[in-house]
Amino acid sequence: MRDIGGLSEFTIGVISVVPFAVAFFAVLAAGQISDRTGLRRTVLGSGFVLAAVGLTAAALASPVLAVVMLIVATIGFKVAASSFYVIPQQYLVGAMVAPGIALINSVGNLGGFVAPTLLGQVESRTGSVDNALLIVAVICLVALAGCALMRYQAGAQDTDQHADPTGTSTGTGTSSEPDLPAAGPGRTVGNSG
């Protein structure tokens, strides 16, 4: 934003709020879409795509367009972060929920230390924020690949025969997107053997 020129510190501060204000409404909309459709990984993956596209464009664009693309990237990050926490709770059952979420939070907190340190090193060695943005965009694409792999594995599980107590099969594999297995009475989450 400082590269735009002619902006006071106050104006820069006001503009810095805009990505998060817009992302707030995007997170609400993404949550409603996710809840209405049940396409949890699709919403999560969409967040990663928006973040990667926004960061890449911000690194390559003029300063004014870069600010707009950082808004897109912020929307992507916030949508992905809010969508992510729904998924482990549907895979983890019983006594595994609390330690699983604790492990996820621990790794996330470690990332909160490692990422700024790494990006600061990249910026100081290259003299440009653009390279740091591109590295984060690549990390978003790696996360998207992990999301796609998780989708594939869940799809493979969905085609397995998850038998409920009545003896009927609950995994048909016929949905348009083999998303998370639904937990509930008579449903087995994960491999039933």
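Residues numbered from 1 in each chain as written. Predicted model: local features only at pLDDT ≥ 70, side-chain atom pairs only at ≥ 80, totals over all residues. Heavy atoms only, no water.

Visitor: Which parts of the structure should I look at to understand the overall build of the protein?
Guide: For the protein, the count of helices and strands is 6 helices and 0 strands. Starting at the N terminus and ending at the C terminus, the protein contains elements arranged as α-α-α-α-α-α. Looking at the protein as a whole, 28% of its 193 residues qualify as buried. A separation of at least 24 residues holds for 62% of the contacts in the protein among residues at least 6 apart in sequence. For the protein, the exposed area adds up to about 11,300 Å²; of that, 68% sits on carbon and sulfur atoms. (Helix = DSSP H or I, 4+ residues; strand = E, 2+ residues; numbered from the N terminus. Buried < 20%, exposed > 50% of the residue type's maximum accessible area, 1.4 Å probe, protein only. Contact = heavy atoms within 4.5 Å. Areas by Shrake-Rupley, 256 points an atom, 1.4 Å probe, with all protein chains shown as cover.)

Visitor: I would appreciate a short explanation of the packing of aromatic side chains in the present structure.
Guide: In this description, a pair of aromatic rings is defined by centroid distance and the angle of the planes. Across all of its chains, the model carries 2 aromatic pairs by this definition. Judged by centre distance (5.1 Å) and plane angle (80 degrees), the ring pair of Phe24 and Phe25 falls under edge-to-face. Residue classification places Phe25 among the exposed positions, given a relative accessible area of 58%. (Phe/Tyr/Trp six-rings, centres within 6.5 Å; stacked < 30°, edge-to-face > 60°.)

Visitor: Which parts of the structure should I look at to understand the side chain of Ser83?
Guide: Checked against the element boundaries, Ser83 lands in helix α3 (residues 63-84). For Ser83, a relative accessible area of 8% corresponds to the buried category. Excluding residues that lie within four positions of it along the chain, Ser83 makes contacts with Val43 and Leu44.

Visitor: Can you help me understand helix α1 (residues 9-37) in this one?
Guide: Side chains that are three or four residues apart share a direction in an α-helix, a result of its 3.6 residues per turn. Taking 1.5 Å per residue, 29 residues should reach 42 Å; α1 reaches 43 Å between its end C-alpha atoms and fits that length. All buried positions along α1 are accounted for by Ile12, Pro19, Ala23, Ala26, Ala30 and Ser34. Looking at the buried residues of α1, the elements they touch are α2 (40-60) and α3. Gly38 sits one or two residues past α1 and shows a positive phi near 80 degrees. (Expected span 1.5 Å × (residues − 1).)

Visitor: Quick question: what am I supposed to make of the confidence of the model for the protein here?
Guide: In low-pLDDT regions, the fine details of the predicted coordinates are not to be read closely. Summary statistics for the protein give a mean pLDDT of 78 and a share of 75% for residues scoring 70 or more. By mean pLDDT, helix α6 (residues 129-159) is the weakest element of the protein at 77, and α2 is the strongest at 93. Scored below 50 in pLDDT, residues 155-193 shows 57 contacts in the model against residues more than four places distant or in partner chains. (pLDDT = per-residue confidence, 0-100.)

Visitor: Teacher, can you tell me more about a nonpolar patch on the surface here?
Guide: Taken together, the side chains of Leu110, Phe113, Val114, Leu118 and Ile139 define a hydrophobic patch exposed on the protein surface, amounting to about 480 Å² of accessible area. With 4 residues, the single largest contributor to the nonpolar patch is helix α5 (residues 97-126). Within the element layout of this structure, Leu118 appears in helix α5. (Patch = residues over 30% accessible without salt bridge, like charges linked within 9 Å, V, L, I, M, F, W, Y side chains within 5 Å. Salt bridge = Lys/Arg side-chain N within 4 Å of Asp/Glu carboxyl O.)

Visitor: Where do I start with the pattern of salt bridges in this structure?
Guide: Pairs can form between side chains of opposite charge whenever their charged atoms are close. A full pass over the atoms with the stated rule returns 1 salt bridge. One salt bridge in this structure joins Asp35 and Arg40, with 2.8 Å as the shortest N-O distance.

Visitor: Whenever I open this one, the nonpolar core confuses me. Can you help?
Guide: Side chains of nonpolar character tend, in soluble globular proteins, to be buried together. With 12 residues, the main nonpolar core is built from Ala51, Ala52, Leu55, Ala58, Ala59, Ala66, Met69, Ala73, Leu133, Val136, Ala137 and Cys140. Those elements giving two or more residues to this core turn out to be α2, α3 and α6. Among the elements that take part in this core, α2 stands out by supplying 5 residues, more than any other. Aside from chain neighbours lying at most four places away, what touches Leu55 is Leu70, Ala73, Phe77, Leu133, Val136 and Ala137. Ranked by size, the runner-up nonpolar core spans 7 residues in total, among them Ala30, Ile71, Ile75 and Val79. (Core = buried A, V, L, I, M, F, W, Y, C linked by side-chain atoms within 4.5 Å.)

Visitor: Whenever I open this one, the side chain of Arg40 confuses me. Can you help?
Guide: Note on placement: Arg40 falls in helix α2. Engagement of the side chain of Arg40 in a polar contact is seen with the side chain of Asp35, the distance being 2.8 Å. (Polar contact = N/O pair within 3.5 Å; in protein donor to acceptor, adjacent residues only side chain to side chain.)

Visitor: Help me out: how do you make sense of the environment of Leu133 in this one?
Guide: Within the secondary structure, Leu133 sits in helix α6. Sequence separation of Leu133 and Leu119 is 14 residues, and the distance between their C-alpha atoms is 8.2 Å. When neighbours within four sequence positions are excluded, Leu133 is seen to be in contact with Leu55, Ala58 and Ala59.

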